[in-house]
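Commentary on secondary and tertiary structure
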Amino acid sequence: MKNDFSQGKVSRNILNLALPMTLAQIINVLYNVVDRIYIGHLPNASSLALTGLGLTFPIITIISAFANLFGMGGAPLCSISRGRGEHERAQKIMGNSFSALLISGAVLTILCFCFKEPLLYAFGASQDTFSYANDYISIYLIGTIFVMISLGMNSFINSQGFSGTGMLTVLLGAVVNIILDPIFIFAFNMGVRGAALATVISQGLSALWVLCFLTGKKAIYRISFCSMRLNFKLLREITALGSSGFIMAVTNGGVQVVCNATLSTYGGDLYVGIMTVINSVREILTLPVNGITNGAQPVLGFNYGAGKYRRVRQGIRFTSIVCIVYTVIAWGCTFLFPEQFIHMFNSDPALIDKGVPALHLYFFGFFMMSLQFAGQSVFVALGRSKQAVFFSLFRKAIIVIPLTIFLPMVGGLGVNGVFLAEPISNFIGGGACFCTMMLTIWPMLRQEPSESV
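Below is a summary of the structure that appears in this document. Along each chain, residue indices are assigned from 1 in the same order as the chain's sequence is written. Two thresholds apply to this predicted model, a pLDDT of at least 70 for residue-level local features and 80 or more for giving and counting side-chain atom pairs, whereas whole-chain, interface and lining totals are computed over all residues. Note that the side-chain values use all heavy atoms of the structure and ignore hydrogens as well as water.

**Examining the packing of aromatic side chains**
Each aromatic ring pair is characterised by the separation of its centres together with the angle its planes make. What counts as a ring pair is set by centres within 6.5 Å for rings of Phe, Tyr and Trp (its six-membered ring), and what kind of pair is set by the plane angle: stacked under 30 degrees, edge-to-face over 60, tilted for all other angles. In total, this model carries 18 aromatic pairs according to the counting rule given. Residues phenylalanine 66 and phenylalanine 246 carry aromatic rings whose centres are separated by 4.9 Å and whose planes lie at 75° to one another, so their mutual orientation is edge-to-face. One end of the pair, phenylalanine 66, is in helix α3 (residues 57-83); the other, phenylalanine 246, is in helix α10 (residues 232-266), and 180 residues separate them in sequence. Of the aromatic side chains, those joined through ring pairs into one cluster are Trp331, Phe364, Phe367 and Phe427. Every helix listed is a DSSP run of H or I at least four residues long, and every strand listed is a run of E at least two residues long, numbered separately from the N terminus.

Written out as structure tokens, the structure is:
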């Protein structure tokens, strides 16, 4: 069997997947981060344009959430089935996920076009920023299907062990995006519309690459019309496991909406722009954590399906240590060099002046976020959908959103209350998720199935 994760050192198996996947994550973030860097340095209206772009994040996040629902829901199930030798089932899981991605992508495109104006105003748009947000999202929505295929189905390339190919999926799109951005934004004088058009074209090329690989001879499992026939029992399993990533993404979108609306009330467009910059910095800093946890999931799922529990424990231990060490270092960097992080996206003196204390508050105790990622990835990899869903909801919906609404009203905190909600949620939610995983999953893995017979 190709890519047998039950052989060799567990840490090496994880790193063999995680390093290309981390690089792929870095490249993937360039899709939107490069747009923000260019738009944040537009002459005359850079802050307003950057704020307008930030207002579209919730819609983009919700689209990505559906890609997570069917892509990251199906891929771990596919790994578990492959570990058990259930190849026909694994093939059907991938086909059903693909069908669900196509259907949901079409529905989302129609709904978002119909309700984009009221949504943008509800998300905190003002008369000054609406036109920038509308120009960007109107073009971006044309490529919704491309996002669903490139993001959702790339998980199946990685889950089969072809992380290098998965990295090339996003490398192709990101390189094209980086090349086209300055041409459309500045040379053709298209502004934010040029950034959106460059993104759509690059995502279309990534989607084409994914389809070519998953219908070609190199893939272990291939997309076929037979496997795409909807099986509602399988779809329930896929959505149950994918609900964790889906809810995490949707609640992230909900947090963005509440943050933007609250900041617009207490601080105006300037603070919405600051949150756009902070979200961009967070995306960059969490890339290695995402890479290592996503790289661990196929390895953990395969060994769990194969009954190699000792190797699962080794994988959990390795992943957790790496995540914690990295996030402590990242926290130190944001504390020591906040201006450099902000300056990447905007040079407005007022934004930098107000942004530094906001960034310090937001990233306080950043290492606790790694505990959420590590615990969550174990629940997903082992098919524990209920726990994964609960902790996705717990940190964002139950902690962050209420705190974002109420903290600004406590003791005159104002905008500082919005930025404090994140570290508080990291300590409570991250600690609870990781401790629950260690108390429930870890003891269960102490004895191999063969040893209990």
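**Quick notes on helix α17 (residues 385-406)**
Helical geometry: 3.6 residues make up each α-helical turn, so side chains three or four residues apart lie on a common side. Between its first and last C-alpha, α17 extends 31 Å over 22 residues, near the 32 Å set by a 1.5 Å rise per residue. Note that bend, as reported per residue, equals the angle between axes fitted to the 7 residues terminating at that residue and the 7 residues originating from it. The axis of α17 is deflected most strongly, by about 35°, at phenylalanine 394. Taken together, the buried residues of α17 touch α10, α16 (367-381) and α18 (415-444). Between the first and last residue of a helix there are one fewer steps than residues, each counted as 1.5 Å, and that sum is the expected span. Here a residue-residue contact requires only that any non-hydrogen atoms of the pair lie within 4.5 Å.

**What to know about the pattern of salt bridges**
Whenever Lys or Arg places a side-chain nitrogen within 4 Å of a carboxyl oxygen from Asp or Glu, that contact is recorded as a salt bridge. Counted under the stated rule, the structure contains 7 salt bridges. The salt bridge involving arginine 89 is made with glutamate 86; its shortest N-O contact spans 3.8 Å. Between lysine 396 and glutamate 422 there is a salt bridge, with its nearest N and O atoms 3.5 Å apart. Taken together, the residues span a long stretch of sequence, with lysine 396 in helix α17 and glutamate 422 in helix α18 at a distance of 26 residues. Neither lysine 396 nor glutamate 422 differs from the other in exposure class; each is buried. Taken together, the shared-partner salt bridges in this structure form one network comprising Glu86, Arg89, Lys233 and Glu237. Whether a residue is buried, partly exposed or exposed follows from its accessible area with a 1.4 Å probe, protein chains only, as a fraction of its type maximum: under 20%, in between, or over 50%, in that order.

**Thoughts on the environment of asparagine 303**
As for its position among the elements, asparagine 303 is in helix α12 (residues 287-305). The buried category is assigned to asparagine 303, whose relative accessible area is 1%. Placed 293 residues apart in sequence, asparagine 303 and valine 10 show a C-alpha to C-alpha distance of 9.6 Å. Apart from residues no more than four positions distant in its own chain, asparagine 303 is found in contact with Phe5, Ser6, Lys308, Arg311 and Val312. Identification of polar contacts relies on pairs of N or O atoms within 3.5 Å, with a donor-acceptor requirement for protein atoms, meaning one able to donate a hydrogen and the other able to accept it, and with residues adjacent in sequence counted only if both atoms are side-chain atoms. At 3.0 Å, the side chain of asparagine 303 forms a polar contact with the side chain of arginine 311.

**Considering the side chain of asparagine 158**
Looking at the secondary structure, you find asparagine 158 in helix α7 (residues 154-159). On the basis of relative accessible area, asparagine 158 is assigned to the buried category, the value being 10%. Residue contacts for asparagine 158: discarding those within four places in its chain leaves Leu17, Met21, Ser163, Gly166 and Pro298.

**Side note on the side chain of arginine 395**
Tracing the sequence through the fold places arginine 395 in helix α17. With a relative accessible area of 8%, arginine 395 lands in the buried category. Among the polar contacts listed, one links the side chain of arginine 395 to the side chain of serine 425, at a separation of 3.2 Å. Discounting residues that sit within four places of it in the chain, arginine 395 has contacts with Met369, Gln372, Val400, Glu422, Ser425, Asn426, Gly429 and Gly430.

**Here's the deal with the environment of isoleucine 157**
Note on placement: isoleucine 157 falls in helix α7. Residue isoleucine 157 is classed as buried on the basis of its relative accessible area of 0%. Along the primary structure isoleucine 157 and glycine 431 are separated by 274 residues, whereas in three dimensions their C-alpha atoms are 32 Å apart.

**What about the packing of helix α8 (residues 163-187) against helix α9 (residues 192-214)?**
At a closest axis distance of 8 Å, the pairing of α8 and α9 adopts a crossing angle of 155°. If you check the angle between α8 and α9, you find them roughly antiparallel. Handedness of the crossing formed by α8 with α9: right-handed. Where α8 abuts α9, its residues Thr165, Leu168, Thr169, Val170, Leu172, Gly173, Val176, Asn177, Leu180, Asp181, Phe184 and Ile185 lie against Gly194, Ala195, Leu197, Ala198, Thr199, Ile201, Ser202, Leu205, Ser206, Trp209, Val210 and Phe213. Residues are grouped as follows: Ala, Val, Leu, Ile, Met, Phe, Trp, Tyr, Cys and Pro are nonpolar; Asp, Glu, Lys and Arg are charged; all remaining types, including Gly, are polar. Its residues assigned to classes, the contact of α8 with α9 shows 15 nonpolar, 8 polar and 1 charged. Interaxial angles span 0 to 180 degrees and are taken between N-to-C directions of axes, which are lines fitted to C-alpha atoms, for helices over the stretch in contact. Each angle gets one of four labels, with under 35 degrees taken as roughly parallel, over 145 as roughly antiparallel, 65 to 115 as roughly perpendicular, and the rest as oblique. Helix crossings fall into two classes, left-handed where the near helix is turned counterclockwise from the far one by less than a right angle and right-handed where it is turned clockwise.

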